[in-house]
Structures are given as C-alpha cells and as structure tokens.
Amino acid sequence: MKLMEKAPAKINLALDVLFKRPDGYHEVEMIMTTVDLADRIELKEIKGNHIQILSHNRFVPDDHRNLAYQAAFILKERFGINKGVSITIEKNIPVAAGLAGGSSDAAATLRGLNRLWKLGLSMDELAEIGAEIGSDVSFCVYGGTALARGRGEKITHLPAPPKCWVILAKPTIGVSTADIYKRLQIAKMEHPDVPGMISAIKESSYQDVCQGLGNVLEQVTLQLYPEVANIKDQMKTFGADSVLMSGSGPTVFGLVEHDSRMQRIYNGLRGFCDQVYAVRLLGDRNDLE
Ligand SMILES: C[C@@](CO)(OP(=O)(O)O)[C@H](O)COP(=O)(O)OP(=O)(O)OC[C@H]1O[C@@H](n2ccc(N)nc2=O)[C@H](O)[C@@H]1O
Ligand SMILES: Nc1ncnc2c1ncn2[C@@H]1O[C@H](COP(=O)(O)OP(=O)(O)O)[C@@H](O)[C@H]1O
C-alpha cells in the first residue's frame, strides 16, 4: 500500500516578533500563506519496523534529523505502530530557504501516515503533534492562509489572499533561523501592521496586501548578507509590485499581477540568481488535495 501527499512551500506576508520568551523562543505574529511550489511525499509500507528516508537532494538528511522522519517516529511511538514505512521526498522547494520545506514535508508525512495507518486523527490533533517537531509544522498541516501566534503553532485560519504571481529568488547562502532570531534587537524594530494585513486579505485588496508586507527578521538578514538586499533591489527594478524576504531568509519574494511583468522579472533575475521560481499564490486549504 502506498500514497502521495503534496507539501507546499509557505511565505510570510507579515512577520512580527513581540518579545523573547523565558523558554528562549520568540512570541510571534505571522501571516502565512502557501504557494504553488511543492515537494511530493510518497509513503509506502515496507517489511520490518523501521523508517526509511529516500531523497535525491544531497542537502536533505536521510536519518532522524529529517523532519519527515521525526513526524513518522512520533506517530509510531505514540500509537504503538509496529510497521515499517519508506518516505520518498521529491524535493522541489529549496532547502534552508525560509520557505518551510522541511516543516511542510513533516506535515505531509503526518497527514499521509494518518491515512496509511488509519489513525483517525483530526487536523487539529495532527497540528498539535506537528508543534512538537517545529514552530512552522502546525501551519503546514492545514496549509491555506493563517495568522500564526505563540511561537508559530497557534493558528487562526484566514481566507485566501487575492490571486497573483509570486516570484521567489534564493541566493546561494544558508541562513540559520536560530542565529537570525538571536541577533534580533527587539527594542529597535519597526513593526509591520498585522491587523492591517488581515483586513487587506479579508477585503481581498491586492494593493493593501502589497503595501502591508513586512518582516522584522528582514533587517537582520539583510545586514548580514548584502546579496539578499541586492536581490530585493533587482526585483523592484524589474517591476515587482512589492518585495519582501520570507521567514528568516534568504529567499526573497516579489508579488506581481500581470503575466508579462512576471515574465520580465523572472527572466531578469535568472541572470543574477540560480534558484528563481514564478509560482501562483495558493492560500486556500483545499489546495493541499
Ligand atoms: C522564521 C520562521 C517564520 O515562518 O520560518 P523559517 O525562516 O524557518 O522558514 C519560523 O518562525 C521558524 O520556524 P521553524 O523553522 O519551524 O523553527 P524551529 O525549528 O521551531 O526553531 C528553530 C530556532 O529558531 C528560533 N525560534 C523559532 C521560532 C520562534 N517563534 N522563536 C524562535 O526564537 C529558536 O532559536 C529555535 O531553536
Ligand atoms: N525534509 C527536509 N527537507 C529539507 N530540509 C530538512 C528536512 N528535514 C530536515 N531538514 C533540515 O532542516 C534545515 C532547514 O530546512 P528547511 O525546512 O528547508 O528550511 P527553512 O526552515 O528555512 O524553511 C535544513 O538545513 C536541513 O538540514
């Protein structure tokens, strides 16, 4: 028996940090939404009682460090499953990019194994288990668009933002999320208007979504890596309606409505950057199917 799950990437339309918590994590308010760039997860029953990870991408760990492995391990332990499973990850989302690829693989594994092993868990229960794996996993269990609070695991669903193109460009540097959070100087930050972004989405105003983009982690990553600032500038010059870094970076995304302008930005950026994608904003929970 085998089955497939789609694991889409996310971008943060807004990312605010309120304060550092006693447990070392940061209290956040983020508006997350999915885009049409997805890994594919194949789950297959195998003989034995172990978890096997297969992937052609050399940056993806094939052992307990893989977040999909951790998802399978938790479900096996918690529900006493004495079966083996092979998890094949077709990696399309760039790794360590601020696009939650690993978190989305873990979330897809939770959803898929819930079906394969007939566990009968609700999405809310899967999201709660996901929070034990990483801060972004709960959101990725549901997909769609949401306000994420707490350390990212408290999810309030939102409607899909207005449809547009999203150009993603990832410079060839790796960014450590923990390092970026550590360097954040909370007293000096300019906060994005998160309630304003929620209204823009509810009113389906593309202009207001563009105007409201903001991420407090951006200033930290831009200072450390000038190449990220350079890509932001290029994207604006080529004509994106609005540009922001996703998560802790280094991927930069640009929003654009018109097909011809999307093509111009995409072609222009290909000269500067190896990993460039032009994808649609998804933002709807049904898009996981
Ligand atoms: C910044 C964001 C925005 O969506 O995404 P990415 O850039 O990773 O995609 C997330 O907050 C990242 O989520 P995720 O990558 O799941 O983080 P985790 O594995 O839980 O935590 C990695 C490290 O980041 C720091 N961390 C994470 C979340 C949070 N609210 N406060 C923190 O301080 C902690 O130092 C933690 O050890
Ligand atoms: N399934 C996975 N896919 C990608 N990276 C993974 C996975 N599991 C664990 N990792 C590790 O997690 C780190 C962060 O990866 P990723 O989730 O792609 O980035 P981000 O948290 O920036 O969105 C990588 O450096 C990688 O070693």
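Residues numbered from 1 in each chain as written. Chains lettered and ligands numbered in written order. Predicted model: local features only at pLDDT ≥ 70, side-chain atom pairs only at ≥ 80, totals over all residues. Heavy atoms only, no water.

Q: Could you give an account of the sheet that holds strand β7 (residues 165-170), naming the residues involved and the relevant values?
A: Reading across from one edge, β9-β10-β7-β11 is the order of the four strands in this open sheet, with antiparallel pairing throughout. Bordering the open sheet on either side are β9 (242-245) and β11 (275-280), each of which pairs with just one other strand. Strand-to-strand twist across the sheet, computed as the mean angle between neighbouring axes with direction ignored, equals 20 degrees. On the sheet, helix α10 (residues 259-270) packs against β7, β10 (252-256) and β11 and is oriented at approximately 5 degrees with respect to β7. (Pairing = 2+ DSSP bridges. Helix = DSSP H or I, 4+ residues; strand = E, 2+ residues; numbered from the N terminus. Axes fitted to C-alpha atoms, helices over the stretch in contact; angles between N-to-C directions. Contact = heavy atoms within 4.5 Å.)

Q: So what's going on with the UniProt feature "binding site: ATP" (unreviewed entry) in the chain? Which residues, and what values?
A: In the UniProt entry, the feature "binding site: ATP" (unreviewed entry) is given for Pro94, Val95, Ala96, Ala97, Gly98, Leu99, Ala100, Gly101, Gly102, Ser103 and Ser104. Restricting the annotated residues to those that line the largest cavity leaves Ser104. Tracing the chain through its elements places Ala100 in the loop between β4 (84-90) and α2 (101-116). Every residue in contact with Ala100, bar those within four places of it in the chain, is listed here: Lys10, Asp136 and Cys140. The topology assignment puts Gly101 in helix α2. Discounting residues that sit within four places of it in the chain, Gly101 has contacts with Asp39, Lys91 and Ile93. (UniProt positions renumbered as here; feature names shortened; annotations may be inferred. 1 Å grid on protein atoms, 1.4 Å probe; cavity = no way out; pocket = protein on both sides within 12 Å on 5 of 7 lines; lining within 4 Å.)

Q: Tell me what's going on with the packing of helix α1 (residues 67-78) against α2, and back it up with residues and numbers.
A: Relative to each other, α1 and α2 sit at 30 degrees, their axes nearing to 7 Å. Relative to α2, α1 is oriented so that their crossing is right-handed. Residues Leu67, Ala68, Ala71, Ala72 and Leu75 of α1 form the contact with α2, whose own contacting residues are Gly102, Ser103, Asp105, Ala106, Thr109, Leu110 and Leu113. Considered class by class, the residues forming the contact of α1 with α2 number eight nonpolar, three polar and one charged. (Left-handed = near helix turned anticlockwise from the far one by under 90°. Nonpolar A, V, L, I, M, F, W, Y, C, P; charged D, E, K, R; others polar.)

Q: Any chance you could break down empty space enclosed by the protein for me, citing the residues and the numbers?
A: Evaluation of the coordinates by the stated rule reveals one cavity of 30 Å³ or more. Taken as a whole, the largest cavity holds about 30 Å³ of empty space. Around the largest cavity sit Pro8, Ala9, Lys10, Thr34, Ser104, Phe139, Cys140 and Gly143, which together line it. No other element matches the three residues that strand β1 (residues 2-20) contributes to the lining of the largest cavity. Here the lining of the largest cavity is composed, by residue class, of four nonpolar, three polar and one charged. (Points joined across faces, edges and corners; volume = space filled by probe spheres on them.)

Q: So, the pattern of salt bridges: which residues are in play, and what are the values?
A: Oppositely charged side chains can form a pair if their charged atoms are brought close together. By the definition in use, this model includes 13 salt bridges. Note that Lys2 is salt-bridged to Glu42, the shortest N-O span being 3.7 Å. Linking Lys2 in strand β1 with Glu42 in strand β2 (residues 26-46), this pair joins segments that are 40 residues apart in sequence. Taking relative accessible area as the criterion, Glu42 reaches 18% and is therefore assigned buried. Residues Glu132 and Arg78 are paired through a salt bridge, measuring 2.8 Å at the closest nitrogen-oxygen approach. Of this pair, Glu132 sits in the loop between α3 (123-131) and α4 (137-142) while Arg78 sits in helix α1, and the two are 54 residues apart along the sequence. By relative accessible area, which is 45% here, Arg78 ends up partly exposed. Among the charged side chains, a network of salt bridges with common partners joins Glu5, Arg111 and Arg115. (Salt bridge = Lys/Arg side-chain N within 4 Å of Asp/Glu carboxyl O. Buried < 20%, exposed > 50% of the residue type's maximum accessible area, 1.4 Å probe, protein only.)

Q: Tell me about unusual backbone geometry, residues and numbers included.
A: Pro250 follows Gly249 through a cis peptide bond whose omega is 5 degrees. By the element assignment, Pro250 lies in the loop between β9 and β10. Residue Ala100 is not a glycine yet carries a positive backbone phi of 60 degrees. Overall, Ala100 belongs to the buried group, its relative accessible area being 11%. Not every positive phi belongs to a glycine, and Ser204 is a case in point at roughly 55 degrees. Mapped onto the secondary structure, Ser204 falls in the loop between α6 (194-202) and α7 (206-212).

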